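Here is what each chain is made of, one letter per residue.
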Amino acid sequence: MNQRSRGFTENRPAARGREPARTLRSPHRSVANDAEAYASSVAGVDIDAIRVGPADRATDVVAASSERLTFNAGSVGFPMLSRTTVPDDQVMVAHVSATPPGCRWCEIDLAPGMVLAYSPAAEHTSRSLPGLEFSVVVTMEGHLAEAADMLGTHYETPPRGEVHQLSGTSLTRPVQSSFTGFAAQIAAGRAPSEPDCDQLLRATVHALAEADRTQRIGSTRRIDSRHVVRTCIDYAHSLDRIPSIKELCVVAHVSERRLRTAFTAEFDVPPARYFRLWALDRAHRRFTHDPASNRKVTEIAVDLGLGHLSRFALDYKRVYGETPSATLKRHRESTTGPASSWRHST
């Protein structure tokens, strides 16, 4: 959507009624050791994430919000597959500071310095690996329009539901310094001020003013892989178990071949592998959320569709570094004390 300039310049006085030196609400820094903790640390968007491998370190997130924007910056310490949908009335711009090979967002292979723009209601999928560093701004389009007026420029957000990779030019480069500086202030325990928010929004507008879009995801009439993936994951959550491939094809209205293509495009894993990892994550959440339950590891695994118990224990240990029974025992002891007589099995 193009926003026309109304002739304002960058040094225009602040709008009447604006409080000049407000700071952001609730800036915080979080350390996450699993996907659930990571998702709860991110502000402004609802993330559905699963951990899929061992951790190099914890995942670090800094976040803050104001009346005009929400900001997040992350440093990934364990491999994750995740998805989210941008709020219906918001625009999101993401900057990649560093990335190892193999990271992919919305079918786009990430590279350092990359800038992605998300329209309202755009679906985001990601394969994030240890070493990925990124920052994200989420804001209402009206706030971008105000910043564009201040700059005397115009910008273009992707059409509804689309994700665009912006070309690296002089227009997108200010994003790096603005986003990383903003994150550094929060990480150091300093709450950025309203002028800092102004600078961040101006950098975002400059990036969106870049007319050259290297990739446009969701801009064709073909079946969108992101939508197929979202439909299947939502269905699995409704069942609370691993769905069969036949069930997934029916609910997503696609062939088995198209289903495999969608999951490989978004996550670089086939659907059967994804939902086995998904079930491991669900099992981990049950072990840590309700450790005082009388339910055994075997019961939880079978309920989730993880029928091969020896394989389940091996896969779980590969991802979390310990057996399922060790996780359950540790969390039971943390709530009931080491003398607890709870019995469990693998």
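(A) Geometry of the overall build of the protein chain. Counting secondary structure elements, the protein chain contains eleven helices and 13 strands. Here the protein chain holds 346 residues, and 52% of them are scored as buried. Put simply, 76% of the contacts in the protein chain that link residues at least 6 apart link residues at least 24 apart.

(B) Layout of helix α7 (residues 256-267). Across its twelve residues, α7 extends 16 Å between first and last C-alpha, which sits within 8% of the 16 Å expected from 1.5 Å per residue. Turning to α7, its buried residues number three or more, namely R258, L259, A262, F263, A265, E266 and F267. Projection of α7 onto a plane perpendicular to its axis shows the buried side chains occupying an angular sector of 165°, all on one side. Away from its buried face, by an angle of more than 90 degrees, α7 presents the exposed residues E256 and R257. Tucked into the core, α7 has its buried residues touching β5 (80-85), β7 (104-105), β10 (123-128), α5 (225-239), α6 (245-252) and α8 (271-289).

(C) The pattern of salt bridges, seen in detail. Tallied over the full model, the rule gives 16 salt bridges. Here E194 and R68 are joined by a salt bridge, their closest N and O atoms 2.9 Å apart. Of the two residues, E194 sits in helix α4 (residues 194-208) while R68 sits in the loop between β3 (59-65) and β4 (69-75), which places them 126 residues apart along the sequence. Like E194, the residue R68 is buried in the burial classification. Measuring nitrogen to oxygen at the nearest pair gives 2.7 Å for the salt bridge that ties R83 to D234. Residue R83 is located in strand β5, and its partner D234 is located in helix α5; the two are separated by 151 residues in the primary sequence. Owing to a relative accessible area of 12%, R83 belongs among the buried residues under this scheme. Judged by relative accessible area, D234 falls into the partly exposed class, the value being 36%.

(D) Layout of the environment of R286. Here R286 shows up in helix α8. With eleven residues separating them in the primary sequence, R286 and V297 have C-alpha atoms 9.6 Å apart.

The rules we used
Residues numbered from 1 in each chain as written. Predicted model: local features only at pLDDT ≥ 70, side-chain atom pairs only at ≥ 80, totals over all residues. Heavy atoms only, no water. Helix = DSSP H or I, 4+ residues; strand = E, 2+ residues; numbered from the N terminus. Buried < 20%, exposed > 50% of the residue type's maximum accessible area, 1.4 Å probe, protein only. Contact = heavy atoms within 4.5 Å. Expected span 1.5 Å × (residues − 1). Arc of directions from axis to C-beta. Salt bridge = Lys/Arg side-chain N within 4 Å of Asp/Glu carboxyl O.

By themselves, these observations are geometric and do not establish any function.
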